[in-house]
Structures are given as C-alpha cells and as structure tokens.
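Coordinates in review
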Amino acid sequence: MVLITLEGIDGTGKTTLITRLLHQLVDLEPVFTREPTSGWTGRAVRRGIAEEVDPVAEALLFAADHAVHLASVVRPALAEGRPVISDRYSDSRYAYQSVVLEGHLDDPLAWLRNLHAGWTIPPDQTYLLLLPVDQAVRRLGGKHRRREHFEQAEVLRRVQEAYIALAEAEPWRFVLVDATKEKREIARFVEAGIRRTVERSRARRRP
Ligand code: TYD
C-alpha cells in the first residue's frame, strides 16, 4: 500500500490541509498520523524541544519516536492494506535537524540518513508545502506563547532550503505545493494527487 507524507516549514498550513483531507478522502479509509507522535516518545520529543536539549540528543529523540511510530502505526496500517498519510515524517529530520546540527557534526545529513538506514520505510510520495518565510512567520505570529526555537525566521529559511534540496535530489517522490494558493485549491490538488497514487498502487496489486 502507499505511504504519503506531508512536509514543510512551520506556518505553511499543513494542519488546515490535513483537516480538509480528512473529510475529502474518507472513502479511501486512510490512516492519518503524525510526527512527533502523541504517545510518550512524542511527549519526550516535545519536552526535549521545550528544554532545548542538546541537538544530537534531540535528533535521537525524534528518531526514537519515528521508530515507535513505524512499529505502532505505519507498519500495521500498511500491512492492512490501508493508505497512510503522515503529517511530517523522516524528511522533517533531514530538513530541520540537518540545520540544527550544523556546527555540531561534520555532515549532519549523512549522519541523519545513517541513523535511519536499514529500518525506516521510505515514503512513496511526499507533498512539500512551500511558502515565503516572512509569510510563514506572519502566520505563526499568534502562537508566540509556544514559539519553538525551530520557528525563528533564519532557521526556517535554512530549513526550507534544506527541504528544497531534498526535493531536488528525489524529484520522482516530491510534489511541490504552492502554499500561497487558496486553501481549498491546495486541498483539491493534494487530494487528486493522493487519489492517483492510491489508484496506481491498487492497479499494480490487481492480478
Ligand atoms: P509539529 O508538531 O509539526 O509542530 P506544531 O506543534 O506546531 O504542530 O512539530 C513540532 C516541531 O518539531 C516543528 O517545529 C517541526 C519540528 N520537527 C523537527 O525538527 N524534526 C522532526 O523530525 C519533526 C517530526 C518535527
């Protein structure tokens, strides 16, 4: 079955998109899921972020939460033949932590890829929401109370660049989404893409 992921810097409107997809894709019976998870490993990640733990420790916490996510949600859903749609996944590490780990490790992206090698499941398709950073920061404006260190404009600019580099390296997997567009239009575009991917995967499995 198919594993679809949604990625992008904070403030690109992923949450709104998911809410719409939840309604628009009910007939496909997908499993909607997210990283960080809502379980204890996800809570550990959020605590690590809040306490600004050492960046290597933070990356390891995210990876541990990913392992739990795979074991408890992603693998079982795929085994049942259900499409999985994840709000953030390994590319979040490759984009955010490669920036955060700069200066701590020689080659953060290579280290992060190694960390995932051999056990993660690569997504079939990844929708990357792109938005000018100043607009993303403006959209985040109301969230000052829980502002995280990832949400500073300069960090977000570099994270978005890292996302674009990931997309350029695997153009067959990434679909770029213009997040400045109208919400309904974005949701229709992503919905149509997901339907095509699911249909293709079902056609491949037919005898
Ligand atoms: P998220 O839950 O998407 O943000 P929000 O709570 O605003 O909905 O993710 C929390 C933060 O963690 C967000 O700034 C993105 C960041 N993040 C990483 O740095 N690496 C990761 O692997 C993941 C999954 C998230």
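To keep things clear, this report deals only with the structure shown in the data block.

Now for the site of the ligand. Looking at the ligand, there are 16 residues lining it, with Asp10, Arg34, Arg88, Arg93 and Gln97 nearest. Here Arg34 contributes a side-chain N or O atom positioned 2.3 Å from an oxygen atom of the ligand. With respect to the ligand, the side chain of Gln97 contributes an N or O atom lying 2.7 Å from a nitrogen atom. Starting from 550 Å² of accessible surface for the ligand in isolation, the protein chains cover 93%. Those elements giving two or more residues to the shell around the ligand turn out to be α2 (40-50) and α4 (90-100). The element contributing the most residues to the shell around the ligand is α4, with four residues. The class makeup of the residues in the shell around the ligand is five nonpolar, two polar and nine charged.

This brings us to helix α8 (residues 183-205). For α8, built from 23 residues, the straight-helix expectation of 33 Å at 1.5 Å per residue is met to within 8% by its first-to-last C-alpha distance of 33 Å. Those residues of α8 that fall on the buried side of the exposure criterion are Ile186, Ala187, Val190, Glu191, Gly193, Ile194, Thr197, Val198 and Ser201.

Moving on to the pattern of salt bridges. When their charged atoms lie close together, side chains carrying opposite charge are able to pair. One pass over the structure, following the stated rule, counts 13 salt bridges. Here Asp27 ties to Arg195 by a salt bridge, and the two come within 2.9 Å at their closest N and O atoms. Remark: Arg195 occurs in helix α8 and Asp27 occurs in the loop between α1 (14-24) and β2 (31-34); sequence separation between them is 168 residues. In this structure Arg195 comes out as partly exposed when scored by relative accessible area, which is 27%. Put simply, Glu170 and Arg173 hold a salt bridge, and the shortest N to O gap is 3.0 Å.

This structure, assessed with the given rule, holds one aromatic pair. Note on Tyr96 and Tyr163: the rings are 6.2 Å apart at their centroids and 90° apart in plane angle, and the pair reads as edge-to-face. Taken as a pair, Tyr96 in helix α4 and Tyr163 in helix α7 (residues 153-169) lie far apart in primary sequence, 67 residues in all. Summarising the burial analysis for this pair, Tyr96 and Tyr163 share the class buried. The residue whose ring lies beneath Arg113 is Tyr94, and the NZ or CZ to ring-centre distance is 4.5 Å.

What counts and what doesn't
Residues numbered from 1 in each chain as written. Predicted model: local features only at pLDDT ≥ 70, side-chain atom pairs only at ≥ 80, totals over all residues. Heavy atoms only, no water. Near = heavy atom within 4 Å. Polar contact = N/O pair within 3.5 Å; in protein donor to acceptor, adjacent residues only side chain to side chain. Areas by Shrake-Rupley, 256 points an atom, 1.4 Å probe, with all protein chains shown as cover. Helix = DSSP H or I, 4+ residues; strand = E, 2+ residues; numbered from the N terminus. Nonpolar A, V, L, I, M, F, W, Y, C, P; charged D, E, K, R; others polar. Expected span 1.5 Å × (residues − 1). Buried < 20%, exposed > 50% of the residue type's maximum accessible area, 1.4 Å probe, protein only. Salt bridge = Lys/Arg side-chain N within 4 Å of Asp/Glu carboxyl O. Phe/Tyr/Trp six-rings, centres within 6.5 Å; stacked < 30°, edge-to-face > 60°. Lys NZ or Arg CZ within 6 Å of the ring centre and 35° of its normal.

These results come straight from atomic positions and should not be treated as a statement about function.
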